[in-house]
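Secondary and tertiary structure notes
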Amino acid sequence: MQAQSPSEPANRRIHVGNSSLTERMRSQICCSSELSFLMEAHDGISAAIAARAGFEGLWASGLSIASSLGYRDANEASWSQLVDAVERIVDTSGLPVLVDGDGGFGNFNNARLLARKLHQCGASGVALEDSCFPKTNSFIGDRHPLAEIDEFSGRLRAVKDTVSDDLILVARIEALIAGQGMDEAISRAHAYADAGADAILIHSRKTGADEILAFIRAWQNRLPALIVPTKYYRTPVSAYRKAHISTVIWANHSVRAAIAAMRQVCDRIFAEESSAGIEPNIATLDELFELFKYDELAEAEARYLHSGDIRQ
Ligand code: SPV
Ligand code: MG
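Residues numbered from 1 in each chain as written. Chains lettered and ligands numbered in written order. Predicted model: local features only at pLDDT ≥ 70, side-chain atom pairs only at ≥ 80, totals over all residues. Heavy atoms only, no water.

1. Observations regarding the site of ligand 1
- With respect to spatial proximity, 13 residues lie near ligand 1, and among them S61, L63, D100, R172 and H203 are the closest.
- Contact distances for ligand 1 include 2.9 Å between an oxygen atom and a side-chain N or O atom of H203.
- In isolation ligand 1 offers 280 Å² of accessible surface; the protein chains occlude 100% of this area.
- Considering only residue class, the shell around ligand 1 consists of five nonpolar, six polar and two charged. (Near = heavy atom within 4 Å. Polar contact = N/O pair within 3.5 Å; in protein donor to acceptor, adjacent residues only side chain to side chain. Areas by Shrake-Rupley, 256 points an atom, 1.4 Å probe, with all protein chains shown as cover. Nonpolar A, V, L, I, M, F, W, Y, C, P; charged D, E, K, R; others polar.)

Put into structure tokens, the structure is as follows:
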């Protein structure tokens, strides 16, 4: 899958919602019985690179988008900043994008507004977590107050009533993160299925996959299940295939790769007062131009610019 140029006609359709991308996400990714993968993206570059690598769908990560904007993953970035980032991710990748919508930025009304805006910018799905506003990243501290089940179910129902099947709705359960135990996690998952979720996301911050696999056994696949093995990355994905998990989300790896690479380059150039040493380790300008299809722009210039205007 090649990254699309922002000037390609297909991208204009994406801006008003893209039902074929949503269908692709529904049939091949979130709701398929085959294990599939979503790669994190947080901006146009990370989206284009993930598409180039061959991923068939993307996770617009709240943590990564906040980080790329210089904010903390605590609802410091606004819903409109999230929508803007998602628009760039959809546009540059041409892929189905599942958006991390946190808790929906407030109550049912904020959640349905977010869902409508995400649909308009071409997202294929939104994952809403049963946290309270402002949220805290699942890996930070021990204070993770959960929303009341009925109140959160209202958020889900409002989203479903607003976007219907145009946007896949994933209900994310934070009960294990909050230390509330397996029974609470399972009963929340059933309540969210009753409220109209298309799939569930069960999150854990244990370093082994045992609690996730126990949840999946108890859940018995009532709806497809998505997981985020950020902490339990040592478990091979064959275990997830065997457990009939629907989707693995690689949630933050591009932003962490970017931090490591940028830090290395900045440190070397600062210390050496030269970029000569790191040139072999960084992308060439030609790679950058190729990623965003500058050749298409040159062809378009030949087609559309008045011949006297063409730059030499
Ligand atoms: C994100 O990517 O922002 C997520 C996943 O919500 S995690 O950070 O692992 O909680
Ligand atoms: Mg998040």
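2. Structural notes on a nonpolar patch on the surface
- A surface patch of nonpolar side chains, about 390 Å² in accessible area, is lined by L285, L288, F289 and Y294.
- With three residues, the top contributor of residues to the nonpolar patch is helix α12 (residues 285–291).
- On the secondary structure map, L288 appears in helix α12.
- Among the residues examined, L288 registers a relative accessible area of 39% and is labelled partly exposed. (Patch = residues over 30% accessible without salt bridge, like charges linked within 9 Å, V, L, I, M, F, W, Y side chains within 5 Å. Salt bridge = Lys/Arg side-chain N within 4 Å of Asp/Glu carboxyl O. Helix = DSSP H or I, 4+ residues; strand = E, 2+ residues; numbered from the N terminus. Buried < 20%, exposed > 50% of the residue type's maximum accessible area, 1.4 Å probe, protein only.)

3. Description of the pairing of strand β1 (residues 36–41)
- With five of six residues buried, β1 lies mostly within the body of the structure.
- Judged from the four bridges that link them, β1 and strand β8 (residues 247–250) form a sheet pairing that is parallel. Note that in β8 the partner of S36 across the bridge is T247.
- Of the strand pairs in this sheet, β1 and strand β2 (residues 58–60) are connected by three bridges, and their pairing is parallel. Following the sheet pairing, E40 is matched in β2 by W59. (Pairing = 2+ DSSP bridges.)

4. Quick notes on the sheet that holds strand β5 (residues 168–173)
- Ordered in space as β1-β2-β3-β4-β5-β6-β7-β8, the eight strands form a closed barrel in which the pairing is parallel. Along the sheet, successive strands turn relative to each other by an average axial angle of 30°, direction set aside.
- Here strand β7 (residues 225–227) runs beside β8; their pairing, made up of two bridges, is parallel. Bridge pairing in β8 places L226 opposite T247.
- Sheet strands touched by helix α2 (residues 19–30): β1, β2, β3 (97–100), β4 (125–129), β5, β6 (199–202), β7 and β8. Its angle to β1, the strand with the most contacts, is close to 125°.
- Here helix α11 (residues 253–272) sits on the sheet in contact with β1 and β8, set at roughly 40° to β1. (Axes fitted to C-alpha atoms, helices over the stretch in contact; angles between N-to-C directions. Contact = heavy atoms within 4.5 Å.)

5. Comments concerning helix α5 (residues 79–93)
- An ideal rise of 1.5 Å per residue puts 21 Å on 15 residues; α5 measures up with 21 Å between its terminal C-alpha atoms.
- All buried positions along α5 are accounted for by L82, V83, A85, V86, I89, V90, D91, T92 and S93.
- At the exit of α5 stands G94, carrying a positive phi of roughly 65°. (Expected span 1.5 Å × (residues − 1).)

6. What about the packing of helix α3 (residues 44–53) against α5?
- Relative to each other, α3 and α5 sit at 35°, their axes nearing to 8 Å. Crossing angle aside, the handedness with which α3 passes α5 is right-handed. Contacts from G44, A47, A48 and A51 in α3 reach R88, I89, T92 and S93 in α5.
- Tallied by class, residues from the contact of α3 with α5 come to four nonpolar, three polar and one charged. (Left-handed = near helix turned anticlockwise from the far one by under 90°.)

7. Section: the side chain of T92
- Tracing the chain through its elements places T92 in helix α5.
- Accessibility expressed as a relative area gives 2% for T92, which makes it buried.
- Engagement of the side chain of T92 in a polar contact is seen with the backbone oxygen of G44, the distance being 3.2 Å.

8. Some remarks on helix α8 (residues 182–194)
- Relative to the 18 Å expected for 13 residues at 1.5 Å per residue, α8 spans 18 Å between its end C-alpha atoms, a close match to the ideal helical length.
- Along α8, the residues that are buried comprise A185, I186, R188, A189, A191, Y192 and A193.
- Here the buried face of α8 lies against α7 (149–163), β5, β6 and α9 (210–219).
- Where α8 terminates, the next one or two residues include G196, which has phi positive at roughly 115°.

9. Things to note about the nonpolar core
- Core analysis: the biggest nonpolar cluster contains 63 residues, and L58, V86, L118, I173, I202, F215 and Y240 have the highest contact counts within it.
- If we skip the residues at most four places from it in the chain, F215 touches I173, M182, A185, I186, A189, I200 and I202. (Core = buried A, V, L, I, M, F, W, Y, C linked by side-chain atoms within 4.5 Å.)

10. Concerning the domain arrangement of the chain
- On domain assignment, one finds that the chain holds domain 1 (15–252) and domain 2 (260–304).
- In this structure, domain 1 and domain 2 have C-alpha centres spaced 32 Å apart. (Domains from an automatic or database assignment.)

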